[in-house]
Amino acid sequence: MSERKVGFYKFNPSLASPEVLQKTLVGRETELNDLLKKIEECGRGTSLRHFLIIGPRGIGKTHLLLLIYYALKRRLRTSNGYKDLNRLWIPIRFAEEEYGITTLAELLCRIVKELEQDEKAPELEGVQSLVKLKTSRLRGQAEVEELLDCLSQVKQQMGRRFLLLIDNFHETLGRFTEEDQGHLRDILMTKDLFLLVGAAPTVFEEVTSYERPFYNFFQNIWLDELGTEDGVKLIYKWWELEQKEEFLKHSKEYQSKIGALMHLTGGNPRLILSLYPILTEANIIEVEESFMTLLDELTPYFQARMKDFSPQQAKILDTMALMEGPASPSHIATKANLNIGIVTSQLNRLEKEGHVTVLKERGKKRVLYDIKERLFRLWRQMRVEAGRRYLSCLVTVIKVWYSEEELLEQVKKMSLELDSAIKERRNELVEMTLKSLWYLQQAAPARLYPSIFQQRINLLIDARDLKAIEREMQELLGKGGEDKNILATGYWLEALLHDANGEKEEVIKALKAYLELMPDDYRAWNNLGITLSDLERYEPAIEAYQRAIEIKPDAYDEAWSNLAGIYIELEHYQEAIGACHKAIEIKPDRYEAWGNLGDVYFKTERYQDSIDSYRRLVEIRPDIFEAWRDLAEASVFAGRNQEALEACNKGLEIKRNDPWLWSILGHTYIHLKDYEAALRAVTEAIRLSPSVPHFYNNRSSLFISIGKNVKALRDMEKAYELAQKAGDDDSVREAATRLVALGLVCSEDRISRGRLDLAEEYVKKGLYYATQLPSDKCQEPIISYLNALLKKKKTQFLKIVLGLPEWENLPDLSELIRFYRIAASFLETKDRKLLNQLFPELRDLIDGIV
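Let me sum up the structure you'll find in this document. (Residues numbered from 1 in each chain as written. Predicted model: local features only at pLDDT ≥ 70, side-chain atom pairs only at ≥ 80, totals over all residues. Heavy atoms only, no water.)

For helix α35 (residues 625-637), spanning 13 residues, the distance from its first C-alpha to its last is 19 Å, which sits close to the expected 18 Å at 1.5 Å a residue. Residues Phe625, Ala627, Trp628, Leu631, Ala632, Ala634, Ser635 and Val636 constitute the buried set of α35. Residues of α35 that are buried in the fold lie against α33 (591-603), α34 (607-620), α36 (641-654) and α37 (659-671). Directly after α35, the chain includes Gly639, whose backbone phi takes a positive value near 75°. (Helix = DSSP H or I, 4+ residues; strand = E, 2+ residues; numbered from the N terminus. Expected span 1.5 Å × (residues − 1). Buried < 20%, exposed > 50% of the residue type's maximum accessible area, 1.4 Å probe, protein only. Contact = heavy atoms within 4.5 Å.)

In structure tokens form, the structure reads like this:
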């Protein structure tokens, strides 16, 4: 049950109901009754005494002030002796933080404002004028006197004096000028108007300094930490409020553990209530966050407090806070690097002022000193540990609370939760559970630490929490050779981290360091093989895989599958097939092996075997997009176009924006003679990846198939341009070869349409690309084009073409062009002597034309 449901607020008790406050009062009953008795005595007499409740933050001062207030408001069940206190006093309760009160006049105005809440006061003569006055003018001496006169009238009319309950009184008084402080003291001593009960975390300069008005003015009431018995009572009452019936039923079993918690918290009620939920709910991270929030909110307060101490005192207190517990003056002096005489003198002063406490060691005369305020110790430790992201005090709580069996049960439970969170990608829960496991690991006995540690590390790896892995790696490698297993794990994590950052060389170094410690770990040999293979170091990669297989020959299918991948790269296809079959023999659903087998068969043009392998792959893992793409491509090459179409559609259901699959789909439609669908598919491939030359090449071929040669030429020019940018020489030559033919084909098209100007431009294009090729690569389309002009008796245009200056850039074809010029002259002159100069094939062609 949450705080809000039971109506209790650990850090803001003023929000709790009187009933809850009274029910949870533990260890302060004596102080409450004594104060109520003294308040009654003062109310029935003429002499007023004033009280200051002193105790560290979270000790219960606000709780006590609230109960006094509610007792006077008759909202508590108190003994008969105090039930009529409200007839003697008008209680005025100030908030914990009263930043708006900086002068005595503002303090008195605050009293007036609170009077409005009294059920009788608003009806009294003079109160309305007071309410008006409190916002009318600046707060000067005249206003103070007027306010006091009016408050005196209220006292006379109501027959009651004012009980002022001022929390954090040291802060309020510290804002006053010394003149206002002196005036307030005079009012408290002479006016017979107010009884003041203040609260402060420690005695402060305004009440300890001889020169200050309030020196030795208050009767101090010290609140000490709760003892073990009272701490147990507090937790039991909390369980009752939360209706923790199971814990109440077995309460005796928890007494020793609660005692240990009391030792950690120093009996500070707020600390007890901050840490105790870990005992009932095991929600370590929520407790941590709540506790961190509490300490963080105290930062301004403690920082201001430290400024009030002398440099030597601040250094001593800081040193003590960071020590594990009580210490002797000599030990403190050594840690603080101060003279023992200075430390002893300052410790005496700090004790008198309530900042440190004195303890005696059992059976020894030696005196030990400890920080009085446990919250300060934890706050300081938190500030020092802030960069570590964890609280050592929580580790201590877990150590004392859980037995070994209970701790292992928590580890098991959290490991299952974490595994589920990783699979469901619930990142926030993953982070919280990993941190909880860290706390459990740190709290575990030495003999359990390694197994819990390894569980957590495996889950870290599964979660791919790289930041956490880096922290663990640095911590482990920093321990050196203390433990072979832990050091090896550090190298393993280092390899994982470098791999995530793409630092392959560093991965290899870390894995080799790991294998020096763990030479029989087949997983590490396999990972080493993978990394070497990524760097195309195939021979050492093969050796690494073979070492993994030697260690675990009949069970390690992954190494066989990886080995097959290398054999494919090296074109050792028979070895690759053998390795794939071995992997499949060990694990029939090793899908990577089926994929490698499909690749081998495809490369060796065994398309049906390739199809069968890919089909087995998609049966095992239908979610792998690449498997459907490979199946589609193999089906196209096997001429099984309908199956290729089905595979393409399956792949596109998984990954709609893959350009290569759209390209394969285009090929499939071409074979099915659905050219419109083919054009849509290859155009989509270009849209998705407009910088791949291959896609323009494909669409160019499709345009040729449907007789759109000019569009084919444009796409091929784009393919040529992209191949040049990519520095792909093979693709450049292929595109240039096709562009020669396309330029000449487009020229023929334009001749047939009578557009000789365009025909000439396309010839020039073709000849330009011919200059980028060896003559044997372009001679055939040029001969075909010139023969076509002869057959069509386009003598005049042929002479124009043969006279183009572009031929000068093709010197290897000069002899061929000379023959065609002779042929052109013969067609004009019919001089048969010219025929004797031609080679036989060309002479036969001309004879056929004539």
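After that view, the rundown keeps rolling.
So, about the nonpolar core. One finds Tyr785, Leu786, Val801, Trp807 and Leu842 to be the most contacted residues of the largest nonpolar core, which totals 127 residues. Leave out the neighbours within four places in its chain, and Trp807 touches Leu767, Ile782, Val801, Leu802, Leu813 and Ile817. Formed by 47 residues, the second largest nonpolar core is a distinct cluster that contains Leu195, Ile221, Trp238 and Leu241. (Core = buried A, V, L, I, M, F, W, Y, C linked by side-chain atoms within 4.5 Å.)

For the rest of this paragraph, the subject is the packing of helix α31 (residues 557-569) against α33. Taken N-terminus to C-terminus, the directions of α31 and α33 make an angle of 20°; their axes are 9 Å apart at the nearest point. By the angle class used here, α31 and α33 are roughly parallel. Crossing angle aside, the handedness with which α31 passes α33 is left-handed. Facing Ser561, Ala564, Gly565 and Ile568 of α31, the residues of α33 in contact are Glu592, Ala593, Asn596, Asp599, Val600 and Lys603. (Axes fitted to C-alpha atoms, helices over the stretch in contact; angles between N-to-C directions. Parallel < 35°, antiparallel > 145°, perpendicular 65-115°, else oblique. Left-handed = near helix turned anticlockwise from the far one by under 90°.)

With that settled, the discussion passes to the packing of helix α3 (residues 29-44) against helix α4 (residues 61-72). Across the interface, α3 lies against α4 with an axial gap of 11 Å and an inter-helix angle of 45°. Taken together, the axis directions place α3 and α4 in an arrangement best described as oblique. Considering the relative orientation of α3 and α4, their crossing is right-handed. Where α3 abuts α4, its residues Glu31, Leu32, Leu35, Leu36 and Ile39 lie against Leu64, Leu67, Ile68, Ala71 and Leu72. Looking at the contact of α3 with α4, its residues break down into nine nonpolar, no polar and one charged. (Nonpolar A, V, L, I, M, F, W, Y, C, P; charged D, E, K, R; others polar.)

Quick look at empty space enclosed by the protein now. The final tally for this structure, using the stated rule, is four cavities of 30 Å³ or more. Lining of the second largest cavity is provided by 19 residues; of these, Arg305, Gly354, His355, Lys372 and Glu373 occupy positions nearest its centre. Tallying contributions element by element places helix α17 (residues 299-308) first for the lining of the second largest cavity, with three residues. Of the residues assigned to the lining of the second largest cavity, the class counts are 11 nonpolar, four polar and four charged. (1 Å grid on protein atoms, 1.4 Å probe; cavity = no way out; pocket = protein on both sides within 12 Å on 5 of 7 lines; lining within 4 Å. Points joined across faces, edges and corners; volume = space filled by probe spheres on them.)

Attention now moves to the sheet that holds strand β2 (residues 89-93). Taken in spatial order, the five strands line up as β2-β3-β4-β1-β5 in an open sheet, and their pairing is parallel. Both outer strands of the open sheet, β2 and β5 (219-222), are each paired with one neighbouring strand and no more. The sheet shows a mean angle of 20° between the axes of neighbouring strands, taken without regard to direction. Sheet topology places strand β1 (residues 51-54) next to β5; four bridges connect them, and they run parallel. Looking at β5, one finds that Phe51 is bridged to Gln219. Its contacts with the sheet place helix α5 (residues 104-115) against β2, β3 (161-166) and β4 (194-200), and it is angled at close to 115° to β2. Sitting on the sheet, helix α7 (residues 141-158) touches β2, β3 and β4, and the angle it makes with β3 is about 120°. (Pairing = 2+ DSSP bridges.)

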